[in-house]
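Chain residues, written in single-letter form:
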Amino acid sequence: MPVFENLLPEPHNKIVLDLLFDLSVWHGYAKLRMHTDDTLAYFDTATVVLGQSVQTFYKITCSYYHMTELPHEYAARGRREAALAAKQPSSSGKGKQKSGPKFKALNLSTYKFHALGHYPNTIRRFGTTDSYSTQPVSIFQIALLLSNI
């Protein structure tokens, strides 16, 4: 039996398996060292399919499960808040009531998710990520700095 089967009840299990497959396909295209017009077209399609899978996972599975901080995250937040409260003078003598672990949700409004759609066109314009380096720019900047000394 595969490792990821029957982790969750249906339909969530199918959604997670589809998402894992689509992530694997997308990652496979992203890691190719050489692309053709066909592989880039498939990569475009895989990116659209991945976006649809992530949206389905977000709308159905994420909204079904109530997710909170892990115990060590909750404890660390409590320690940070206690240290901050110890630095500030007490105003009314009332302590802040402890609440439970904070609710956590998948945040699709991050650059990491936004950038996924740009990978195929970036490869079209600049080539695969193993074909260029930032090292020449860094060496040029160091040489420029040293020449100004």
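Report on the accompanying structure. Being a predicted model, the structure only gives us computed values, none of them experimental.

**A look at the overall build of the chain**
Helix and strand content of the chain: six helices and two strands. N-terminal to C-terminal, the α/β element order of the chain is α-α-β-α-β-α-α-α. Across the 149 residues that make up the chain, the buried fraction comes to 19%. Expressed as a percentage of contacts within the chain between residues at least 6 apart in sequence, the contacts between residues at least 24 apart total 71%.

**Observations concerning the packing of helix H2 (residues 37–64) against helix H5 (residues 119–126)**
Here H2 crosses H5 at 155°, and the two axes come no closer than 9 Å. One way to sum up the angle between H2 and H5 is to call them roughly antiparallel. Touching Leu 40, Ala 41, Phe 43, Asp 44 and Thr 47 of H2 are Tyr 119, Pro 120, Ile 123 and Arg 124, all from H5. Broken down by class, the residue content of the contact of H2 with H5 amounts to six nonpolar, one polar and two charged.

**Quick word on the packing of helix H1 (residues 12–31) against H2**
Packed helix pairs are specified by the crossing angle of their axes together with the interaxial distance, meaning the distance between the axes. Following both chains from N to C, one finds H1 and H2 inclined at 150°, their axes separated by 8 Å at the closest point. By the criterion of interaxial angle, the relationship of H1 to H2 is roughly antiparallel. In the packing of H1 onto H2, the handedness of the crossing is left-handed. Partitioned by chemical class, the residues of the contact of H1 with H2 number 17 nonpolar, six polar and two charged.

**Quick word on the side chain of Thr 39**
Here Thr 39 shows up in helix H2. When residues no more than four places from it in sequence are discounted, the contact partners of Thr 39 are Tyr 29 and Leu 32.

**Here's the deal with a nonpolar patch on the surface**
There is a patch of nonpolar side chains on the surface, built from Val 3, Phe 4 and Leu 7 and spanning about 340 Å² of accessible area. The residue Phe 4 is located in the segment before H1 in this model. We classify Phe 4 as partly exposed; its relative accessible area is 45%.

**Considerations on the packing of aromatic side chains**
Counting across every chain of the model gives four aromatic pairs. With centroids separated by 4.9 Å and ring planes inclined at 80°, the aromatic side chains of Tyr 64 and Tyr 65 adopt a geometry described as edge-to-face. We classify Tyr 65 as partly exposed; its relative accessible area is 27%. Put simply, the rings of Trp 26, Tyr 29, Phe 43 and Tyr 119 pair up and form one aromatic cluster.

About the cut-offs
Residues numbered from 1 in each chain as written. Predicted model: local features only at pLDDT ≥ 70, side-chain atom pairs only at ≥ 80, totals over all residues. Heavy atoms only, no water. Helix = DSSP H or I, 4+ residues; strand = E, 2+ residues; numbered from the N terminus. Buried < 20%, exposed > 50% of the residue type's maximum accessible area, 1.4 Å probe, protein only. Contact = heavy atoms within 4.5 Å. Axes fitted to C-alpha atoms, helices over the stretch in contact; angles between N-to-C directions. Parallel < 35°, antiparallel > 145°, perpendicular 65-115°, else oblique. Nonpolar A, V, L, I, M, F, W, Y, C, P; charged D, E, K, R; others polar. Left-handed = near helix turned anticlockwise from the far one by under 90°. Patch = residues over 30% accessible without salt bridge, like charges linked within 9 Å, V, L, I, M, F, W, Y side chains within 5 Å. Areas by Shrake-Rupley, 256 points an atom, 1.4 Å probe, with all protein chains shown as cover. Salt bridge = Lys/Arg side-chain N within 4 Å of Asp/Glu carboxyl O. Phe/Tyr/Trp six-rings, centres within 6.5 Å; stacked < 30°, edge-to-face > 60°.

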